[in-house]
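Residues per chain are reported as follows:
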Amino acid sequence: MTNITTIIQENATRHGNDRKALIPILQSIVKEKKYVDRCDMVSIAKALDISAADVYGVASFYSFIEEKEKGENVIRVCKSITCEMKGKHKILKELEDLLHIKLGETTHDKKFSLLETNCLGLCDVGPAMLINENPYTHLKAEEISDIIHKYRHSVK
Ligand code: FES
């Protein structure tokens, strides 16, 4: 695992030692460990000479930047109106039953976190969800088990 300080320094060198580097740094940390905690935010703020509140403001604006550790696979079910009307609640219920967790939780083995997200831009093929960066569309409750099975047994 790459050290957070190294990630910050590499991005600051590439993008400039100021606010321009903020989003790339946040993205790189998320890529590395899937979340950006308060300690990371303070380190970023010091490196870029901006306030920690600034960093937190930007990080909390983006729903894809998590503040707490998540599972190996992060599931994001679209909660916006079109997917809602197309049966998103059945998909969510199936995921909760299958994973034995509720929305917002992580499985005990840390394999999955179950979250909701705003519109993914896949409304015409909803209900939709992402697992990590992979989109799933036209979802049906009966398909969920097979999809989860693939991730449960994947080796990273
Ligand atoms: S409403 Fe679900 S992807 Fe747009």
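Thresholds applied
- Residues numbered from 1 in each chain as written.
- Predicted model: local features only at pLDDT ≥ 70, side-chain atom pairs only at ≥ 80, totals over all residues.
- Axes fitted to C-alpha atoms, helices over the stretch in contact; angles between N-to-C directions.
- Helix = DSSP H or I, 4+ residues; strand = E, 2+ residues; numbered from the N terminus.
- Parallel < 35°, antiparallel > 145°, perpendicular 65-115°, else oblique.
- Left-handed = near helix turned anticlockwise from the far one by under 90°.
- Contact = placed C-beta atoms within 7 Å.
- Nonpolar A, V, L, I, M, F, W, Y, C, P; charged D, E, K, R; others polar.
- Pairing = 2+ DSSP bridges.
- Buried ≥ 20, exposed ≤ 12 C-beta atoms within 10 Å, placed from the backbone.
- pLDDT = per-residue confidence, 0-100.

**Q** I'd like a rundown of the packing of helix α6 (residues 88-99) against helix α7 (residues 141-152), residues and numbers included.
**A** Close contact between α6 and α7 brings their axes to 9 Å; oriented N to C, the two are set at 40°. When the axis of α6 is compared with that of α7, the two are oblique. Crossing of α6 against α7: the hand is right-handed. The segment α6 lies against α7, with Lys90, Ile91, Glu94, Leu95 and Leu98 engaging Ala141, Ile144, Ser145 and Ile148. Considering only residue class, the contact of α6 with α7 consists of six nonpolar, one polar and two charged.

**Q** Give me the sheet that holds strand β2 (residues 112-117): which residues, what numbers.
**A** Spatial ordering of the open sheet is given by β2-β1-β3-β4, a layout of four strands whose pairing is mixed. Edge positions in the sheet fall to β2 and β4 (134-136), since each has one partner strand and no second. Neighbouring strand axes in the sheet, compared pairwise and without regard to direction, differ in orientation by 20° on average. Two strands pair when backbone bridges link them, and strand β3 (residues 129-131) and β4 are joined in this way by three bridges, in the antiparallel orientation. Opposite methionine 129, over in β4, you have tyrosine 136 as the bridge partner. Taken strand by strand, α6 contacts β1 (73-78), β2 and β3, and its axis lies near 155° from that of β1.

**Q** Summarise the pairing of β1; cite the residues concerned and give the values.
**A** Walk down a regular strand and you will see the side chains alternate between the two sheet faces. In terms of residue burial, β1 counts as a mostly covered element, since six of its six residues are buried. Examined bridge by bridge, β1 and β2 share six bridges and lie parallel to one another. Bridging from a neighbouring strand, arginine 76 pairs with leucine 115 of β2. Bridge analysis of β1 against β3 gives three bridges, and the strand direction is antiparallel. When the sheet's bridge partners are listed, isoleucine 75 is paired in β3 with isoleucine 131.

**Q** Give me the confidence of the model for the chain: which residues, what numbers.
**A** Considering every residue of the chain, the mean pLDDT works out to 91; 98% of them sit at 70 or more. When mean pLDDT is taken per element in the chain, α6 scores highest with 97 and helix α4 (residues 52-61) scores lowest with 88.

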